[in-house]
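Remarks on the overall topology
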Amino acid sequence: MTPAPPADPPNPPLTRAARRRNRIVAVTALVTIWVLLWGTFSWANVISGLAVAAVLLAVFPLPPVTFAGRIHPLPLLRFGWRFLRDLVVASAQVAWLALRVGHTPKSAIIAVPLRVNTDLNLTLTAEALTLVPGSLILEVDRKTGTLYIHVIGVRSLDEVEQFRRGVLELEARIIAAIGSDDEQRRVREGAHPPPPADLEGAPT
């Protein structure tokens, strides 16, 4: 009888410093999302965001997700600048679609498999896409690391592929800002992953 393969060793418990760092990252992300949703940076929004984050982490404690990367200041600034630019451009595009009389904009549900399949990367990429007008996350497949995104104003398959490349570029900016060396290597090696054959991506 062939002996069973040895079981994978359990994940080592997080140290106190790692738990504190993960908590700080979670609070910072929640407060940032809270301020962005309000659309105004003020001390009242920051303080209320801290209160909301504290309640969420106390009532719905997060699983012990290990933050394997580190903060890269310059790529983080580039990500923030590009995100603000995309926010302004997308807002203008959606406003133009709303003002066009007699025009019914087409939309599409686009599946984008990410190259770094971690809970943190899936969450940050999904949040960044949802905050930009015109796109909305419908579903996240954790097993395959795939985001299903509803996009408005898509008129052709070329624009579908253009949006998919844009999502992968967004993921690359996030990984460049906070990713580990291994995650950055995976992004570089998988620059253009082929979309799954059974996923929808045609405009409707």
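Our subject is the structure listed above.
Here helix 2 (residues 43–59) is 17 residues long and its end C-alpha atoms lie 24 Å apart, about the 24 Å a rise of 1.5 Å per residue gives. Where helix 2 is concerned, the buried positions are Asn45, Val46, Gly49 and Ala53. All buried residues of helix 2 lie within an arc of 95 degrees about the axis, which places them on one face of the element. Looking at helix 2, the residues exposed on the side facing more than 90 degrees away from the buried face are Trp43, Ala44, Ile47, Ala58 and Val59.

Ordered by their spatial adjacency, three strands build an open sheet running 1-3-2, and the pairing between neighbours is antiparallel. Each edge of the open sheet is held by one strand with a lone partner, namely strand 1 (107–113) and strand 2 (135–141). Neighbouring strand axes in the sheet, compared pairwise and without regard to direction, differ in orientation by 20 degrees on average. Two strands pair when backbone bridges link them, and strand 2 and strand 3 (residues 146–152) are joined in this way by six bridges, in the antiparallel orientation.

Moving on, we come to the pattern of salt bridges. Any two side chains of opposite charge can pair, so long as their charged atoms come close to each other. Tallied over the entire structure, the rule returns nine salt bridges. A salt bridge links glutamate 159 to arginine 155, with the nearest nitrogen and oxygen atoms 2.9 Å apart. You can call glutamate 159 partly exposed: its relative accessible area is 21%. Residue arginine 155 is classed as exposed on the basis of its relative accessible area, which comes to 59%.

What follows covers the packing of helix 3 (residues 73–99) against helix 5 (residues 157–178). Here helix 3 crosses helix 5 at 150 degrees, and the two axes come no closer than 7 Å. Between helix 3 and helix 5, the crossing angle belongs to the class labelled roughly antiparallel. Our pair here, helix 3 against helix 5, has a crossing hand that is left-handed. Contacts between helix 3 and helix 5 involve Pro75, Leu76, Phe79, Arg82 and Asp86 from the first element and Glu169, Leu170, Arg173, Ile174, Ala176 and Ala177 from the second. Classifying every residue of the contact of helix 3 with helix 5 by side-chain character gives seven nonpolar, no polar and four charged.

Time to look at the side chain of glutamate 171. Relative to the helices and strands, glutamate 171 resides in helix 5. Discounting residues that sit within four places of it in the chain, glutamate 171 has contacts with Leu114, Arg115, Val116, Asn121 and Thr125.

Moving on, we get to a positive patch on the surface. On the surface, a cluster of positive charge is contributed by Arg16, Arg19, Arg20 and Arg23. Along the polypeptide, arginine 20 turns up in helix 1 (residues 16–38). For arginine 20, a relative accessible area of 43% puts it in the partly exposed group.

On the surface, Val55, Leu56, Val59 and Phe60 cluster together into a nonpolar patch covering about 380 Å² of accessible area. The topology assignment puts leucine 56 in helix 2. Look at leucine 56 and you get partly exposed, because its relative accessible area is 35%.

Below, the discussion takes up the packing of helix 5 against helix 6 (residues 181–189). The interhelical angle for the contact between helix 5 and helix 6, taken along N-to-C directions, is 155 degrees, at an axis separation of 9 Å. If you check the angle between helix 5 and helix 6, you find them roughly antiparallel. Seen along the crossing, helix 5 lies across helix 6 with a hand that is left-handed. Where helix 5 abuts helix 6, its residues Ala172, Ile175 and Ala176 lie against Glu183, Gln184 and Val187. Residue composition of the contact of helix 5 with helix 6, by class: four nonpolar, one polar and one charged.

The rules behind each value
- Residues numbered from 1 in each chain as written.
- Predicted model: local features only at pLDDT ≥ 70, side-chain atom pairs only at ≥ 80, totals over all residues.
- Heavy atoms only, no water.
- Helix = DSSP H or I, 4+ residues; strand = E, 2+ residues; numbered from the N terminus.
- Expected span 1.5 Å × (residues − 1).
- Buried < 20%, exposed > 50% of the residue type's maximum accessible area, 1.4 Å probe, protein only.
- Arc of directions from axis to C-beta.
- Pairing = 2+ DSSP bridges.
- Axes fitted to C-alpha atoms, helices over the stretch in contact; angles between N-to-C directions.
- Salt bridge = Lys/Arg side-chain N within 4 Å of Asp/Glu carboxyl O.
- Parallel < 35°, antiparallel > 145°, perpendicular 65-115°, else oblique.
- Left-handed = near helix turned anticlockwise from the far one by under 90°.
- Contact = heavy atoms within 4.5 Å.
- Nonpolar A, V, L, I, M, F, W, Y, C, P; charged D, E, K, R; others polar.
- Patch = residues over 30% accessible without salt bridge, like charges linked within 9 Å, V, L, I, M, F, W, Y side chains within 5 Å.
- Areas by Shrake-Rupley, 256 points an atom, 1.4 Å probe, with all protein chains shown as cover.
- Lys, Arg positive; Asp, Glu negative; His and termini not counted.
- Charge placed at Lys NZ, Arg CZ, Asp CG, Glu CD.

All quantities given are derived from atomic positions and should not be read as evidence of function.
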